[in-house]
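Remarks on the overall topology
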Amino acid sequence: MRLKEEEFAKLLSPKEPPLQKHLKIQPPGSKTFEKMTKTTSNYSLLFNACSLPKTLKKPGRVWWLIPVIPALWRPRREDQLRSGVQDQPCQHAGNNDSKAKQVVSKIKEETLNDKVEFLYCDLASMTSIRQFVQKFKMKKILLHVLINNAGVMMVPQRKTRDGFEEHFGLNYLGHFLLTNLLVDTLKESGSPGHSARVVTVSSATHYVAELNMDDLQSSACYSPHAAYAQSKLALVLFTYHLQRLLAAEGSHVTANVVDPGVVNTDLYKHVFWATRLAKKLLGWLLFKTPDEGAWTSIYAAVTPELEGVGGRYLYNEKETKSLHVTYNQKLQQQLWSKSCEMTGVLDVTL
């Protein structure tokens with residue numbers, strides 16, 4: 001399918017007022033905040049009252065964030081910074097050493113937590129992913145939350161180091177391989193009432209996508225719009241099938257997919273010119289900030305409401321329906337099997 005640029009730009013254009021009008025974000029000192037702190041610990045991850053629930057806060061709980069997102073670590077109050085964060089291991093991965101190390105250093109400084117660490121991982125390289133997982137497993141620590149958040153958007157036609165079309169190879173196959181290589185550790189880490197969680201970031205563009213099983217590399221007719229949308233559709237199908245496999249095994253791991261909304265980031269440099277212009281002129285007013293864009297991912301990672309619950313598509317901290325074809329279990333299985341073949345992962349579903 002070749003998407004019209006205008007149709008694609010419409011999906012990426014902001015349609016809603018600032019996120020605070022939709023989310024239950026309350027400032028410290030408010031009644032809602034006080035109510036939250038009675039049921040949650042003061043483990044502040046975000047810029048406002050977003051805390052790690054007691055059901056998830058236990059010694060040695062480990063997070064992996066792919067890639068590093070500075071916005072996740074900007075609480076506004078110093079007392080929130082120092083309560084509960086100090087002893088929580090947090091691992092970060094990304095393909096920009098200098099930038100990531102600066103973020104990690106800032107996190108350590110602000111939270112007084114010396115258990116924050118960065119490991120290099122390039123999701124456009126299968127070799128890099130495998131080396132990354134090997135290094136992590138050598139640490140012999142548990143893994144409770146994996147947030148798959150890396151990606152490129154509407155780049156010119158080019159390939160990853162393994163020869164895959166970049167949107168499909170990095171946005172989808174990279175996360176597919178990474179998650180499959182870490183799923184055994186996630187299973188070991190989850191327990192009754194304390195499930196490990198996989199949170200994968202998709203996009204509203206999946207609603208206009210089609211999955212071409214005969215040409216997943218978009219080689220016959222390349223459109224950056226269609227290629228990006230297809231990679232985001234693949235992530236939704238992957239998440240739903242992963243959840244079915246995890247549930248069938250009775251494992252204490254859940255998988256959910258989130259839509260962050262239209263966020264003011266650097267991803268827009270290759271988009272339709274009208275969208276770039278709107279972002280430049282009105283992004284500060286209409287687009288979500290990186291802090292706001294991170295909210296639904298954090299919500300999916302920590303809310304008690306999703307304890308033991310998977311296979312959900314979340315937008316603005318609420319469950320919503322994804323594209324109807326994403327619920328097609330036969331298509332989920334076909335994509336899963338093909339992905340296993342492309343990444344060298346054993347297909348246990350056959």
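A short tour of the structure in this document, coming up. (Residues numbered from 1 in each chain as written. Predicted model: local features only at pLDDT ≥ 70, side-chain atom pairs only at ≥ 80, totals over all residues. Heavy atoms only, no water.)

1. Description of the nonpolar core
A general feature of soluble globular proteins is that nonpolar side chains tend to end up buried together. I129, F168, Y172, L178, L211 and L335 are the most contacted members of the largest nonpolar core, which has 52 residues in total. When contributions to this core are tallied by element, the ones reaching two or more residues are α5 (126-138), α6 (166-189), β7 (196-201), α7 (224-249), β8 (253-259) and α10 (329-343). Element by element, the count of residues in this core is highest for α6, at 11 residues. Once you skip the residues sitting within four places of it in the chain, F168 turns out to touch L173, L216, Q217, Q230, S231, A234, L335 and M342. If you look at the next biggest cluster of nonpolar residues, it comprises 13 residues, including V199, V258, W295 and L314. (Core = buried A, V, L, I, M, F, W, Y, C linked by side-chain atoms within 4.5 Å. Buried < 20%, exposed > 50% of the residue type's maximum accessible area, 1.4 Å probe, protein only. Helix = DSSP H or I, 4+ residues; strand = E, 2+ residues; numbered from the N terminus. Contact = heavy atoms within 4.5 Å.)

2. Considering the packing of aromatic side chains
The tally for this structure, following the rule as stated, stands at eight aromatic pairs. Measuring from ring centre to ring centre gives 5.1 Å for F168 and Y172, while their planes differ by 45°; the resulting arrangement is tilted. Taken together, the residues span about one helical turn, with F168 and Y172 both in helix α6 at a distance of four residues. With a centroid separation of 6.2 Å and 75° between ring planes, the pair formed by Y172 and F238 is classed as edge-to-face. Pair noted here: Y172 is in helix α6 and F238 is in helix α7, with a separation of 66 residues, a long-range link. Given the relative accessible area of 2%, F238 is considered buried. A cation over a ring is seen here: K321 above Y327, with NZ or CZ 5.3 Å from the ring centre. (Phe/Tyr/Trp six-rings, centres within 6.5 Å; stacked < 30°, edge-to-face > 60°. Lys NZ or Arg CZ within 6 Å of the ring centre and 35° of its normal.)

3. A short note on the pattern of salt bridges
Evaluation of the coordinates by the stated rule reveals eight salt bridges. One salt bridge connects R161 with D122, and the closest N-O pair in it is separated by 3.7 Å. Pair noted here: R161 is in the loop between β6 (145-148) and α6 and D122 is in the loop between β5 (116-120) and α5, with a separation of 39 residues, a long-range link. Note that E341 is salt-bridged to K338, the shortest N-O span being 3.6 Å. Highlighted residues: E341 and K338, both in helix α10, separated by three residues, approximately one helical turn. Under the relative-accessibility criterion, E341 is labelled exposed at 59%. (Salt bridge = Lys/Arg side-chain N within 4 Å of Asp/Glu carboxyl O.)

4. Observations regarding α10
Here α10 is 15 residues long and its end C-alpha atoms lie 21 Å apart, about the 21 Å a rise of 1.5 Å per residue gives. At the N-terminal end of α10, a side-chain oxygen is found 3.0 Å from the backbone nitrogen of K330, two or three residues along, and the residue is N328. In the stretch just after α10, G344 is the one whose phi turns positive, near 80°. (Expected span 1.5 Å × (residues − 1). Polar contact = N/O pair within 3.5 Å; in protein donor to acceptor, adjacent residues only side chain to side chain.)

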